[in-house]
Amino acid sequence: MGYVDARKRLAAIACLVAAFAGIACGDGDGAPAESELSAPSGWTRLPSPARVPFGTTLLAAGDRLLLAGGCAHDYRDDGGCGRSRHAYSFAPGEAKWRELPRPPRGVPSAGVWTGEEAIFLDLSGRRPAFGMALDPDSGTWSEIPDGPVSAANAEAVWAGDRVVVWGGRGRNGSGEAKGATFDPETGEWSRIAEAPVSLNLFDLVWTGSEV
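Residues numbered from 1 in each chain as written. Predicted model: local features only at pLDDT ≥ 70, side-chain atom pairs only at ≥ 80, totals over all residues. Heavy atoms only, no water.

Q: I'd like to hear about the overall build of the protein chain, residue by residue, with values.
A: Secondary structure assignment for the protein chain yields one helix and 14 strands. The buried share of the protein chain, reckoned over its 211 residues, is 42%. Long-range contacts, defined as pairs at least 24 residues apart, comprise 42% of the intrachain contacts of the protein chain with a sequence gap of at least 6. (Helix = DSSP H or I, 4+ residues; strand = E, 2+ residues; numbered from the N terminus. Buried < 20%, exposed > 50% of the residue type's maximum accessible area, 1.4 Å probe, protein only. Contact = heavy atoms within 4.5 Å.)

Right under this line is the structure:
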């Protein structure tokens, strides 16, 4: 996916989130030159952020959208990229993107919203899961300790009072059954019992009582 395609995808997702906030949007093209063009009746064209690199994380965070990370330098031909330190906040009521203070290092790709802060985790499998937390009200970033899991393509979900990380692809290429939780109140990771099945390339959802 190229830079332009990423902008179109971001604008389309922003439209959906804005719709839940009671604001309609345009065709998702996102090009600055078209931001002042008239939209179909009943729609309002929303702006795109300044940067939408490949691999960007878009996170619904209460009354706003957060956009962070992605490729700082695209090395996809070599199998990877450097992580961007750019992050933006979008308030649908203002229809305006605001650049947030830069984190101490590149933003990992997996993000969850706790109700108070955004937690971004590196679940690439290249190292034990490390991450950063962002308070969007103050723009303050803080690092969280490394976790006990390191499977590639693991998934994360907010489960009411903690982050649950599970699954993915182990170093031998097989699906992973291990998992862990992170409690942002204590800043501690805890291992959970291994699942009876292993999964790779899947999604986690929280029902309100179980993952």
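Q: Which residues make up the environment of arginine 45, and what values do they have?
A: Position of arginine 45 relative to the elements: it lies in the loop between helix H1 (3-20) and strand S1 (57-61). As for arginine 45 and alanine 95, which are separated by 50 residues in sequence, their C-alpha atoms are 9.0 Å apart.

Q: How would you summarise the sheet that holds strand S10 (residues 140-144) if you had to cite specific residues and measurements?
A: Pairing within the open sheet is antiparallel, and its four strands lie in the order S7-S8-S9-S10. On the outer flanks of this sheet lie strand S7 (110-113) and S10, each paired with one strand and no other. Averaged over all neighbouring strand pairs, the angle between strand axes comes to 20°, with direction disregarded. Of the strand pairs in this sheet, S7 and strand S8 (residues 118-121) are connected by four bridges, and their pairing is antiparallel. The residue bridging tryptophan 113 from the neighbouring strand is alanine 118, located in S8. (Pairing = 2+ DSSP bridges. Axes fitted to C-alpha atoms, helices over the stretch in contact; angles between N-to-C directions.)

Q: Let's hear about the packing of aromatic side chains: which residues, and what values?
A: A complete count under the given rule lists four aromatic pairs for this structure. Measuring from ring centre to ring centre gives 4.8 Å for phenylalanine 90 and tryptophan 97, while their planes differ by 40°; the resulting arrangement is tilted. Overall, the relative accessible area of 0% leaves phenylalanine 90 in the buried class. Ring plane angle 75° and centroid distance 5.3 Å describe the contact between tryptophan 166 and phenylalanine 202, whose orientation is recorded as edge-to-face. Separated by 36 residues along the polypeptide, tryptophan 166 in strand S12 (residues 163-166) and phenylalanine 202 in the segment after strand S14 (188-192) bring together distant segments of the chain. One exposure class covers both tryptophan 166 and phenylalanine 202, and it is buried. (Phe/Tyr/Trp six-rings, centres within 6.5 Å; stacked < 30°, edge-to-face > 60°.)

Q: Describe in detail the sheet that holds strand S11 (residues 155-158), supporting the description with residues and values.
A: One open sheet accounts for four strands, arranged S11-S12-S13-S14; its pairing is antiparallel. On the outer flanks of this sheet lie S11 and S14, each paired with one strand and no other. For this sheet, the mean inter-axis angle between neighbouring strands, taken without regard to orientation, is 20°. Two strands pair when backbone bridges link them, and strand S13 (residues 179-183) and S14 are joined in this way by five bridges, in the antiparallel orientation. Pairing of alanine 180 across the sheet is with arginine 191, part of S14.

Q: Can you explain the pattern of salt bridges? Please cite residues and give values.
A: Across all of its chains, the model carries five salt bridges by this definition. Notably, a salt bridge pairs arginine 64 with aspartate 137, separated by 2.7 Å at the nearest N-O pair. Taken as a pair, arginine 64 in strand S2 (residues 64-68) and aspartate 137 in the loop between strand S9 (131-135) and S10 lie far apart in primary sequence, 73 residues in all. Using a relative accessible area of 16% as the deciding quantity, one classes arginine 64 as buried. Among the ionic pairs, arginine 83 bridges to aspartate 122, the shortest N-O distance being 3.2 Å. One end of the pair, arginine 83, is in strand S4 (residues 80-83); the other, aspartate 122, is in the loop between S8 and S9, and 39 residues separate them in sequence. Residue aspartate 122 is classed as buried on the basis of its relative accessible area of 2%. Several salt bridges converge on common partners, so that one network encompasses Asp63, Arg64 and Asp137. (Salt bridge = Lys/Arg side-chain N within 4 Å of Asp/Glu carboxyl O.)

Q: Outline the nonpolar core, supporting the account with residue identities and numerical values.
A: Residues Ile119, Leu121, Leu123, Ala156, Val163, Val165 and Trp189 are the most contacted members of the largest nonpolar core, which totals 17 residues. Each residue touching leucine 121, except ones within four places of it in the same chain, is listed here: Pro108, Ser109, Ala110, Phe130, Gly131, Ile144, Ala156, Val163, Val165 and Trp189. (Core = buried A, V, L, I, M, F, W, Y, C linked by side-chain atoms within 4.5 Å.)

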